[in-house]
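# Chain and residue survey
Listed here are the chains, written in short residue letters.
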Amino acid sequence: MPAEYALSNIWMGVGVVVALFAVFYYVGWWASRKTSSEEDFYAAGFSIGPVTNGLGMAATWASLATFLGVIALIQKLQVPFVYLWIQWSISIPLLTLLYGTSLRRMKAFTPATFIRARYGKPSTVVIVCWMMLIMVMYALGQMIGLGQAFELLFGVPYNTGLVVAGLATVGFITMGGMYGASYNAAFQMVVMTLAMVVPMGAIMKAMGSSGWWFPPLAYGDMVPSMLEKIPTFFDMKYDIRWYFALIPAFTLGPVALPHLAMRVFTSSSVKSARWAVVWFVLFLGLLFSGTYVAGFAGNFFAATTGRVIAKPDQTLLILNVFYNPTLVAAFVMGGALAAGLSTIGGNLMAIAGLVGNDLMGIIAPNMDKQKKIRWGYLALGLGGVAAILLAFQPPKFLVTSILWAFGLLATTATPAILLGVWWKEANKLAMMISSVVCGVLYMVISPYVLPSICVGKGLVAALGMSGGMVTVPLSFAMFILLSIVFNRMSALSDYAPTLADKMVIDRIHGWGEEYEESRYNGITVPIIISIVCIAVFFWGLQPWA
């Protein structure tokens, strides 16, 4: 980065970061004193209120990408990427409405807890393996971002920044469990929002905006100037499927993210979980509006000043160094760090739950609860250390695109969860076959495994969008149709849903012991869904523009 865009006083950056970590460690220490059971460690005792949970959900959702990568992509793709990001944020409300509050009734620690109750142990192993892969990809991306942020802030080598930031982060997260992760995330969301919104208001005022005081209004009267400088800024430039593909790739994938679902499960009640979503939308909307303003301002800055932003992911820091005092720029980078830390906290807690609760529940079902908690702590710490080690020389396969990882999750886990919650006919063998086959297919048709075999091309393929248009509808259709066939084959009766499996569905929807066979049990709607999915599958296979 050119010297003119660097912090003029590195010690201000050091002070901001040290102050933030001091708060994080205090919260972790306080939380460790409250953690004495599995419920405390994995779900904060099911006691988190709606406002704190809404802040925590938003913080877990807003990663380093909110401050770095998203703004960079708005620099490159302009307004079409804003539409992508809006679509992406729909997933938490959908998660809560489609299955989050239902699984909260059964006091699940992770979505895999439900998978085990609904489909049994072999199916759980399949889903946990996919979720662990996605969580490693997610945490690895954040660790790389933390190393780069320390490099930007302090001018230290990437590897040094990675070790310092990584170990400091794993320390306070491991110490606090889900209590610490929840309250730290709430605090981190406040820091993030202030660091994004307030400085951007000052920048937009300096650029001449009259709506600078509220991000959604900030660039309204600057649009004519932007169109004069960049006439294509607001154009919808891509194949119509580019936008349609947002649904399978970026909404259905995050719906199954375990670290987001775990936020819903920590709620003090089902009502609290629903209200948390309202607060989530409010808090995340405010933060994202600042991100969109930063993307607009970056394009406007480059177009009107003639200055080149060589590294678009540094746009926010460059704008703040150029327009705001050094202390403000340092605080903005502190906000970016908070975004990365909150997401890593969620990732590592998900890994702890998947290993300590779900896998250990299969491997050693009679293990003492305190031993399970220790396994959870161990998995949490080792997951963080593994992410640090991988980040030194990250394998290309694991850092291709976190958005690509969401497409993989939408293909492998989302059908198992949604059909398992809403359809009693969902068959165990059909779930495993569709998950494994379509998951492998998703990787094969991406540009990262076998470049000669690829659905789509360019950015839509790189981000996982074109692949998701094929494998996500195929996974749903295959699961549904195989379930209908397998349930009617006596040779496969062991895989058919049992009465106990079906009763789980009624209970999580709030029917208690009032079981009714016809409830959630028809095949007409699933068959219609399959027909639609097959049509989308063939549409996705057509050549992409």
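In short, a report on the structure. (Residues numbered from 1 in each chain as written. Predicted model: local features only at pLDDT ≥ 70, side-chain atom pairs only at ≥ 80, totals over all residues. Heavy atoms only, no water.)

Secondary structure summary: the chain contains 24 helices and zero strands in total. Expected size for 545 residues packed as a compact globule is a radius of gyration near 24 Å; at 23 Å, the chain falls within 12% of this value. For the chain, the C-alpha atoms occupy an extent of roughly 75 × 55 × 40 Å along the three principal directions. Put simply, 85% of the contacts in the chain that link residues at least 6 apart link residues at least 24 apart. Accessible surface, the chain as shown: approximately 19900 Å² in total, 69% of it carbon and sulfur. (Helix = DSSP H or I, 4+ residues; strand = E, 2+ residues; numbered from the N terminus. Rg over C-alpha atoms; globule rule 2.2 N^0.38 Å. Contact = heavy atoms within 4.5 Å. Areas by Shrake-Rupley, 256 points an atom, 1.4 Å probe, with all protein chains shown as cover.)

Applying the stated criterion to the full structure yields two cavities of 30 Å³ or more. Volume-wise, the largest cavity comes out at about 50 Å³. Where the lining of the largest cavity is concerned, the elements lending two or more residues are helix 9 (158–207) and helix 16 (326–363). Ranked by residue count, the leading element in the lining of the largest cavity is helix 9, at seven residues. (1 Å grid on protein atoms, 1.4 Å probe; cavity = no way out; pocket = protein on both sides within 12 Å on 5 of 7 lines; lining within 4 Å. Points joined across faces, edges and corners; volume = space filled by probe spheres on them.)

Okay, the packing of aromatic side chains next. Applying the stated criterion across every chain yields a total of 15 aromatic pairs. Ring geometry for Trp-279 and Phe-283: centres 5.6 Å apart, planes at 20°, overall stacked. Pair noted here: Trp-279 and Phe-283 are both in helix 14 (residues 270–305), with a separation of four residues, about one helical turn. An angle of 70° between the planes, with centres 5.0 Å apart, marks the rings of Phe-301 and Phe-322 as edge-to-face. Taken together, the residues span a long stretch of sequence, with Phe-301 in helix 14 and Phe-322 in helix 15 (residues 315–323) at a distance of 21 residues. Relative accessible area serves as the criterion here: at 0%, Phe-301 is assigned to the buried category. Looking at Phe-322, the relative accessible area reads 34%, which means it is partly exposed. (Phe/Tyr/Trp six-rings, centres within 6.5 Å; stacked < 30°, edge-to-face > 60°. Buried < 20%, exposed > 50% of the residue type's maximum accessible area, 1.4 Å probe, protein only.)

Moving on, we get to the pattern of salt bridges. If the charged atoms of two oppositely charged side chains come close together, the side chains can form a pair. One pass over the structure, following the stated rule, counts six salt bridges. The shortest N-O distance in the salt bridge between Asp-506 and Lys-424 comes to 3.1 Å. Taken together, the residues Asp-506 in helix 23 (residues 499–508) and Lys-424 in the loop between helix 19 (414–422) and helix 20 (428–444) connect sequence positions 82 residues apart. With respect to class, Asp-506 is no different from Lys-424; both count as buried. Between Asp-506 and Arg-519 there is a salt bridge whose closest N-O contact spans 2.8 Å. With Asp-506 in helix 23 and Arg-519 in the loop between helix 23 and helix 24 (524–541), this residue pair connects regions lying 13 residues apart in the sequence. Relative accessible area serves as the criterion here: at 1%, Asp-506 is assigned to the buried category. What makes Arg-519 buried here is its relative accessible area of 10%. (Salt bridge = Lys/Arg side-chain N within 4 Å of Asp/Glu carboxyl O.)

The next subject is the layout of surface pockets. Computed from the structure, the second largest pocket encloses a volume of approximately 320 Å³. Along the walls of the second largest pocket sit 13 residues, with Leu-98, Leu-418, Trp-422, Phe-476 and Ile-529 positioned nearest its centre. Those elements that provide at least two residues to the lining of the second largest pocket are helix 6 (91–105), helix 12 (246–255), helix 19, helix 22 (465–486) and helix 24. Split by residue class, the lining of the second largest pocket holds 13 nonpolar, no polar and no charged. (Nonpolar A, V, L, I, M, F, W, Y, C, P; charged D, E, K, R; others polar.)

This next bit is on helix 6. Compared with the 21 Å implied by 1.5 Å per residue over 15 residues, the 20 Å span of helix 6 between its first and last C-alpha is a close match. When the local axis directions of helix 6 are compared, the greatest deviation, roughly 50°, occurs at Tyr-99. Among the 15 residues of helix 6, eleven are classified as buried, and the element is accordingly described as predominantly covered. Those residues of helix 6 that sit buried are Ser-91, Ile-92, Pro-93, Leu-95, Thr-96, Tyr-99, Gly-100, Thr-101, Ser-102, Leu-103 and Arg-104. In the stretch just after helix 6, Lys-107 is the one whose phi turns positive, near 55°. (Expected span 1.5 Å × (residues − 1). Bend = angle between axes of the 7 residues up to and from the residue.)

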